[in-house]
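One letter stands for each residue in the lines below.
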Amino acid sequence: MQTIYNTLNKIIEGLLVLIFSLLVLDVVWQVTSRYVVGQSSSFTEEFARFSLIWLTVLGAAYINGQKEGHLSMDFLLEKLPPKKQYKRHRVIQAVMAIFALIVMVIGGGNLVYITLKLGQLSPALLIPLGYVYAIVPLCGLIIIFFSIYHIKITFNPNNNEH
């Protein structure tokens, strides 16, 4: 499980760097074409919007996997004895996995299915919107994996991390 976790983190890190790099290039091209050529490209705004969607959702899944990386208010949690902290962490991870399953995987999967079935295309890039929205159920599955990982590995009583 540790190998899958490390590999998945490296893949997501690479995708985030790639998406952010493409977003920067897209915005630079948009500004350059607008002020130098006098006419902005038709696809740049839409590509930037889709890149931000992917960057945000994939980044949220990545941060979820980095236990210490995401924003948390753990002042009251740290006041609990260690045994209760473990139980509370497990509950939090389980709630996140259930949320990801219901909202992101099932709800996002339905959104992808409906938009692909209806054949909705983006106006400028002419790509099916279902492909843009596919990041939601994919990241839901990633969040579920990370939650299971944190329950099984990080909160293992034999593990000396806590």
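For the structure itself, consult the block above.
Residues numbered from 1 in each chain as written. Predicted model: local features only at pLDDT ≥ 70, side-chain atom pairs only at ≥ 80, totals over all residues. Heavy atoms only, no water.

Novice: So what's going on with the packing of aromatic side chains? Residues and values would help.
Specialist: The way to describe two aromatic rings as a pair is by their centre distance and the angle between their planes. All told, the structure shown has three aromatic pairs when counted by the stated rule. Here Tyr5 and Tyr149 contribute two aromatic rings whose centre-to-centre distance is 3.9 Å and whose plane-to-plane angle is 5°, an arrangement assigned as stacked. Taken together, the positions of Tyr5 in helix α1 (residues 2–37) and Tyr149 in helix α6 (residues 135–154) put the pair 144 residues apart, joining distant regions of the chain. For the residue pair Tyr5 and Tyr149, the accessibility class agrees, reading buried in each case. Pairing Phe145 with Phe146 gives two aromatic rings, centres 5.9 Å apart and planes at 55°, and the pair type is tilted. Each of the two residues, Phe145 as well as Phe146, counts as buried. Aromatic ring contacts, followed pair by pair, group Tyr5, Phe145, Phe146 and Tyr149 into a single cluster. (Phe/Tyr/Trp six-rings, centres within 6.5 Å; stacked < 30°, edge-to-face > 60°. Helix = DSSP H or I, 4+ residues; strand = E, 2+ residues; numbered from the N terminus. Buried < 20%, exposed > 50% of the residue type's maximum accessible area, 1.4 Å probe, protein only.)

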